[in-house]
Structures are given as structure tokens and as C-alpha cells.
Amino acid sequence: MIIHPKVRGFICITAHPAGCEKNVAEQIGITRASGTPAAGPRRVLVIGASTGYGLASRITAAFGYGAATLGVFFEKPSSESKPGTAGWYNSAAFDKLAKQAGLYSKSINGDAFANETRDRAIELIKNEMGGPIDLVVYSLASPVRKLPDTGETVRSALKTIGNTFTASSVDTNRDTVVQVSVEPATEQEIADTVKVMGGEDWALWIDALSKAGVLAEHATTVAYSYVGTEITWPIYWHGTLGRAKQHLDNTARELRTRHAAQGLQAYVGVMKSVVTQASSAIPVIPLYVSMVFRIMKEKGIHEGTIEQINRLFHDFLYRQDQAAPATDGEGRLRLDDWELRDDVQQACKALWPQVTTENLSQLTDYAGYKHDFLRLFGFARADVDYDADIPPDVHFDVVQL
Ligand SMILES: NC(=O)c1ccc[n+]([C@@H]2O[C@H](COP(=O)([O-])OP(=O)(O)OC[C@H]3O[C@@H](n4cnc5c(N)ncnc54)[C@H](O)[C@@H]3O)[C@@H](O)[C@H]2O)c1
């Protein structure tokens, strides 16, 4: 099959197996080159392990520290007539390269919100991993959650709280700068977004692992969050998603208290803006990312997903001096520190009102954004021949639920 990108709105409905494998290999190369300054995790569970920050976490744990990894994700498998999703091909590539390197790798393709998925993960840890989990990474980004006990489906809303917010955004299909208005959410929509993207499911995982005796003493768990800046606050931190992320902050505190006797370290890691399938779907963010990438690249402080996670492990979670990681007043790990630097944000604020369709490419790194977006799906790589016929159906060691 010859596979080319088919972009529909803010997603690409095709993915390229060879390109995805090269993306994973590249992230492994970056991780190996960044070294292993200290002892790290040994047995790791990554929930949301197939793309974005979760995939980078799995790669860093395995190839940076030699950890055994169990990955959970929800992806569409490939078939002989249709490509799978990028996360499917990424996970296949990860599994192949991990096994080649002599590392334990197992994956579950299923709904992480379901009790059945937790049960299967616990069973695999008990039967195959040779000991308890010492790091749990929670990196889900999902618009819906089926509640595990009632089966009710709850949807999140990408809305503001209070007032309608109108701002510049980029229409990535037409490459034009447009004005978008985001409506305020109802109380029900706010509550539903917290149900889907807040910390309830993270806590269910940690409690279940602990109860089953498969969570190590002094284990670490980290869930990823975004705070952003004044430019994005109205749509994110002060909106429905921000409410869900504040719930995540509360959950971290609750988990620390509830599992204090086992010495659980529960953190929220506040990450920088990067190009992922989840972030492409949020209005305003792609334009902000195009601006901030240009400024951070000019200043030599740009980081992608893998560089962020490498730094999280090296400088925060597994420090050479074994000291506890630096946290902000809320106990969070701030990996967005460089993005939030005054000089970076001042430059963004100065640029923001000047950007128009005509000068989008000159004033911002929109070309870099588009390139990174296609890369998510295994496209836009110079080392892949996209006109070559390639078998789309890729199999690997995965438990299909
Ligand atoms: N992208 C950013 O700029 C950014 C910045 C800061 C924080 N974050 C946070 O990082 C986390 C991960 O986001 P991302 O941007 O890497 O997203 P992503 O879309 O790349 O990854 C989402 C992952 O969740 C999995 N998933 C979704 N629904 C699932 C389900 N029901 N069951 C099992 N797996 C499921 C997907 O398979 C995938 O592995 C989120 O909490 C997000 O808020 C992202």
C-alpha cells in the first residue's frame, strides 16, 4: 500500500509505519545520547503510552534507564487494507526495538478507564514483570470517558468559564489567521470535563495497583498537566480543561496522603506546549505554539516532547544527588519553566497582535508547526520514501482488549 497523509481538520487519518518507526528510533537516539546520570526506575507502567508525552516517557524509562515497561493505550490496529493509527505503529516500533535491546516490553490496547484494563495490567505485572512497579506515568488525553461502574459515557468540553473568549487562531487547513470565539461552558460541562480529564481515574489506577500489592514501596507516580500563559489562560487554565487539571493537583495531594505509609511520591508534572494530537485540537494553541517555538528556537532553548521527558527524569525524578525534586508552591514539577521565562513571554505578547495570514510564516514558526504535525503520523521525513509500496499491517506483542 502507498500511504500518503490525509489531513481532516486537526487530525491526519492515515499514518505511515516506516515513518513512525523512524520517529521512535530517533527519540531512542536522543535519549541514549543524553546519557543516564543516575539510577532510575526498574519497572514502569505508562498509561497513555503510544504517542506524545506518554510515548516519550516509555522511551526514556526503557532506553535511558533499562526499565521494563508495560504500556496502555487505545489505538486502532492496522489491517491488510487499512493503516493503523500512529500510536499503533509507534508502539509496534517501540516493542520491536525494546526487545532487540533485551528489554521487557508488553502493551495493552484497550480503554484505560475500564476496570478490566486495570485487572489485566495487574495480572501482567504479577505474572511477567518480576516485581512491583516503581514508576507509574499517567499521560491520557481523551475527549470521552466511559465510567467504570455505571458504563455511562461522559464527554469533556473545550470551553471557557464565565465569558465568551474571542482570539486569533490559525486555520491549519487553509493556513490563515482567523478569529475564533469559544463559548462558556455550563456547570454540567465543567463537571463532565473534570470527570474525563481530572484525577479520578489516575487515583483509581494507583489505588488498584496498591491494593493488589504490585506498587513498590517509595514508588513514584507522575501525571502530566498544562498551565500555559496569559495568552492561553482564557481557553485553557481558566477554562474547563484548567478545572480538570486543578482536580489533578488535588488528586496528587490526596494520593500522597493516602499512600504516605508506603512512601508514594505523587507529582503533577507541568509540561511545556508541544505539538501532539491532543494539543492540535485546542483552539488558539497551534498559533501560540508557532510563536513560542520561533522564540525558543532563536534563544536556543527549544525542546520537543522527548527532550522535556529526558529532563524530567534527569533533573527532577531521578537526580544524581538523589535529592527530592524542586517543586512549585503547589508541589508540582515545572518543566514549563523555560517557556514561561519573562523574555520568552514578553516576546510572545509583542508578536501576538501583529500576526496576520500574510506574515504568519515570517513572524512565526508555523512551518515548524506543520512539519511537526505531519511527523506525528510518520510523514515529512526525508529518510522515508512515501511513494514506495509498504505492507500496512504490523503486528506486535500486545494484549488486545
Ligand atoms: N501536548 C501538550 O502541549 C501538552 C502540554 C502539557 C501537558 N500535556 C498533557 O500530557 C498528557 C498527554 O497528552 P499528549 O499531548 O501527549 O497527548 P496524545 O494525544 O499524544 O496522547 C494521548 C495518549 O492517551 C491514550 N489514550 C487516549 N484515550 C485513551 C483511553 N480511553 N484508554 C487508553 N489510552 C487512551 C492514547 O492512545 C495516547 O497514548 C495530557 O494529560 C496533556 O494534558 C500536553
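For clarity, every value in this text was computed on a predicted model and none was experimentally measured. (Residues numbered from 1 in each chain as written. Predicted model: local features only at pLDDT ≥ 70, side-chain atom pairs only at ≥ 80, totals over all residues. Heavy atoms only, no water.)

K.L.:
How should the overall build of the protein be read in this particular structure?
P.N.:
Summing up its helical and strand segments, the protein has 13 helices and 14 strands in all. What you see for the protein is a C-alpha radius of gyration of 20 Å, in line with the 21 Å of a compact globule of 401 residues. Considering only C-alpha atoms, the protein reaches an extent of 60 × 50 × 45 Å along its principal axes. Put simply, the protein has 401 residues, and 56% of those count as buried. Contacts in the protein between residues far apart in sequence, at least 24 positions, make up 78% of those at least 6 positions apart. By element, 51% of the accessible surface of the protein is carried by carbon and sulfur atoms, the whole surface being about 16,600 Å². Positive and negative side-chain charges of the protein, numbering 40 and 47 respectively, have mean locations separated by a distance of 1 Å. (Helix = DSSP H or I, 4+ residues; strand = E, 2+ residues; numbered from the N terminus. Rg over C-alpha atoms; globule rule 2.2 N^0.38 Å. Buried < 20%, exposed > 50% of the residue type's maximum accessible area, 1.4 Å probe, protein only. Contact = heavy atoms within 4.5 Å. Areas by Shrake-Rupley, 256 points an atom, 1.4 Å probe, with all protein chains shown as cover. Lys, Arg positive; Asp, Glu negative; His and termini not counted. Charge placed at Lys NZ, Arg CZ, Asp CG, Glu CD.)

K.L.:
Looking at this model, I keep getting lost on the pairing of strand β11 (residues 215-225). Mind explaining?
P.N.:
Successive residues of a regular strand alternate their side chains across the two faces of the sheet. Most of β11 is tucked away, with nine of its eleven residues classed as buried. Bridge count for strand β6 (residues 133-138) against β11 is five bridges, and the pairing is parallel. Its bridge partner lying in β11, V136 is registered against T221. (Pairing = 2+ DSSP bridges.)

K.L.:
Got a minute to help me understand the nonpolar core in this structure?
P.N.:
It is characteristic of soluble globular proteins that their nonpolar side chains tend to be buried jointly. In terms of nonpolar packing, the biggest core is built from 90 residues, with F63 and L312 touching the most fellow members. Setting aside chain neighbours within four positions, we find L312 in contact with Y224, L317, L333 and L335. In this structure, I206, L209, V214 and V270 belong to the second largest nonpolar core, which totals 36 residues. (Core = buried A, V, L, I, M, F, W, Y, C linked by side-chain atoms within 4.5 Å.)

K.L.:
Teacher, can you tell me more about the UniProt feature "active site" (unreviewed entry) in the protein here?
P.N.:
Annotation from UniProt places "active site" (unreviewed entry) at Y236. Following the sequence through the fold, Y236 ends up in the loop between β11 and α7 (240-258). By relative accessible area, Y236 is classed as buried at 6%. Apart from the residues within four sequence positions on either side, Y236 is in contact with Y226, L241, G242, K245 and I282. (UniProt positions renumbered as here; feature names shortened; annotations may be inferred.)

K.L.:
Explanation requested: the site of the ligand in the structure shown.
P.N.:
Around the ligand lies a shell of 30 residues, among which S50, T51, E75, A112 and T276 are the nearest. Here an oxygen atom of the ligand sits 2.8 Å away from a polar atom, N or O, in the side chain of E75. In this structure, a nitrogen atom belonging to the ligand sits 2.9 Å away from a side-chain N or O atom of D111. For the ligand, whose accessible area on its own is 830 Å², the fraction buried by protein is 92%. The element best represented in the shell around the ligand is helix α8 (residues 277-280), accounting for three residues. Partitioning the shell around the ligand into residue classes produces 14 nonpolar, twelve polar and four charged. (Near = heavy atom within 4 Å. Polar contact = N/O pair within 3.5 Å; in protein donor to acceptor, adjacent residues only side chain to side chain. Nonpolar A, V, L, I, M, F, W, Y, C, P; charged D, E, K, R; others polar.)

K.L.:
What is the right way to read the layout of surface pockets from this model?
P.N.:
Think of a ball as big as a water molecule: rolled over the atoms, this probe shows where empty space is left. Looking at the second largest pocket, its volume works out to about 570 Å³. The wall of the second largest pocket is formed by 23 residues, among which Q27, T305, D372, R375 and L376 lie closest to the centre. For the lining of the second largest pocket, the elements supplying multiple residues, two or more each, are α1 (17-33), α2 (52-65), α10 (305-317) and α13 (366-376). In terms of residue class, the lining of the second largest pocket is made up of seven nonpolar, eleven polar and five charged. (1 Å grid on protein atoms, 1.4 Å probe; cavity = no way out; pocket = protein on both sides within 12 Å on 5 of 7 lines; lining within 4 Å. Points joined across faces, edges and corners; volume = space filled by probe spheres on them.)

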